[in-house]
Amino acid sequence: MSAKHFDTKSLDEILNKMIDTVDESKTEIYKIGEQSRKDYEFIIAELKKTKQMITELIEEEDRLEKATRQARKKLSEVSQHFNTYSEHEVRVVYEYAHNLQMKLTMSRQLEQQLRERRDELERRVVGIKETIERADKLVSQVNVVINYLTGDLKSMTEFMEVQEEERKRLSREIHDGPAQILANVMMRSDLIEKIYRERGIDEALAEIKKLKETVRDALYEVRHIIYDLRPMALDDLGLVPTLKKYLETVEEYNKMANIQIPFTYIGDDERIDSKMEVALFRLIQESVQNALKHAQAKEIQVKLEINKKNIIAVIKDDGIGFDPTLKKDGSFGLRGMKERVELLDGSISIQSSKGNGTKVIIKIPLK
């Protein structure tokens, strides 16, 4: 299936099939584990019974050995005084001694068989115990897979929707920003030639100055889009220096509007996870851009704190504010921010009211 025709519905169907298959496998493994436990209990009982029989046989053999020794002693006495005993008495003593010996021999043979049976049962106990442990481990591992499929991968569909919306937004920004400005540059460059021929060099130079401002705007828009794709400095410098540089650049570009963007950082210089750095940069960038585009703010305060447990970012402006409870068309930016924070198991609070500015508080746990 090509990427062009791939949609989140298809991904959901694949995930559901995977979950069903894994869940069925878990049930089968669970059945194997339960049957093994029943076998284990039965064999343990059989082993206990066998050991008891061996103990009883040993005690019986001790009694038979003692009786056999006495019978042999009696038989020896009869043999020495053969003439004093009748034939019947001799036969009785002999048969008694012979029977005792036969019982002792049979008891020892049965003991040997029971010992072999005991050893076999003990080996089976070890094998079944290993099977139970493996089954339990597999069930735990399958549970992890199911949780991953129903949790993290399920959230991928939402994340893909976010990415698709970001691509559309980026496409609109390129079309409405640099593309329009560059088209304007081409038209004005043709106009400069005409002005030069008809009105002279002074007016042509004035028009070139205006053209430079237009090109400057286009350059800023291109840099802004590059930052949207991925700030290259993040990989080399980390979040704090990159964020500081970005805010300084935005402030410089909006110098004519007298917009101030003070930045405060609390924490160590240690780097955090690369994905988290990108996400945080995006969140702060989106908040600042919202303030610039919609809030009519003169000051946008950005504060960032990274401690051992959490990352806290606060973006506060003194703009016109808005009612956060009202949904507006094109409010994907706020929705995308919320979903990005949720993917990091964090929280976002947007506090605003008309005429009182806006305050965005982002809190993300450090795992």
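Scroll up a little and you will see the structure.
This text gives an overview of the structure that appears in the document.

Attention now goes to the packing of aromatic side chains. Scanning the model with the defined rule gives one aromatic pair in all. Arranged with centres 5.3 Å apart and planes meeting at 65°, the rings of Tyr246 and Phe281 form a pair that is edge-to-face. Of this pair, Tyr246 sits in helix α6 (residues 239–253) while Phe281 sits in helix α7 (residues 274–295), and the two are 35 residues apart along the sequence. Just as Tyr246 is buried, Phe281 falls in that class too.

Moving on, we come to the pairing of strand β4 (residues 347–352). Here β4 runs beside strand β5 (residues 358–365); their pairing, made up of six bridges, is antiparallel. Within β5, the position partnered with Ser349 by the bridge is Ile361.

Here five strands make up an open sheet; going across it, the order is β1-β2-β3-β5-β4 and the pairing mixed. The open sheet has two edge strands, β1 (263–267) and β4, and neither has a second partner. The mean angle between the axes of side-by-side strands here comes to 10°, regardless of whether they run parallel or antiparallel. Two strands pair when backbone bridges link them, and strand β2 (residues 300–306) and strand β3 (residues 310–317) are joined in this way by seven bridges, in the antiparallel orientation. Along β3, the bridge assignment pairs Ile300 with Asp317. Each of β1 and β2 touches α6; the most contacted strand, β1, lies at about 170° to it.

The rules behind the values
Residues numbered from 1 in each chain as written. Predicted model: local features only at pLDDT ≥ 70, side-chain atom pairs only at ≥ 80, totals over all residues. Heavy atoms only, no water. Phe/Tyr/Trp six-rings, centres within 6.5 Å; stacked < 30°, edge-to-face > 60°. Helix = DSSP H or I, 4+ residues; strand = E, 2+ residues; numbered from the N terminus. Buried < 20%, exposed > 50% of the residue type's maximum accessible area, 1.4 Å probe, protein only. Pairing = 2+ DSSP bridges. Axes fitted to C-alpha atoms, helices over the stretch in contact; angles between N-to-C directions. Contact = heavy atoms within 4.5 Å.

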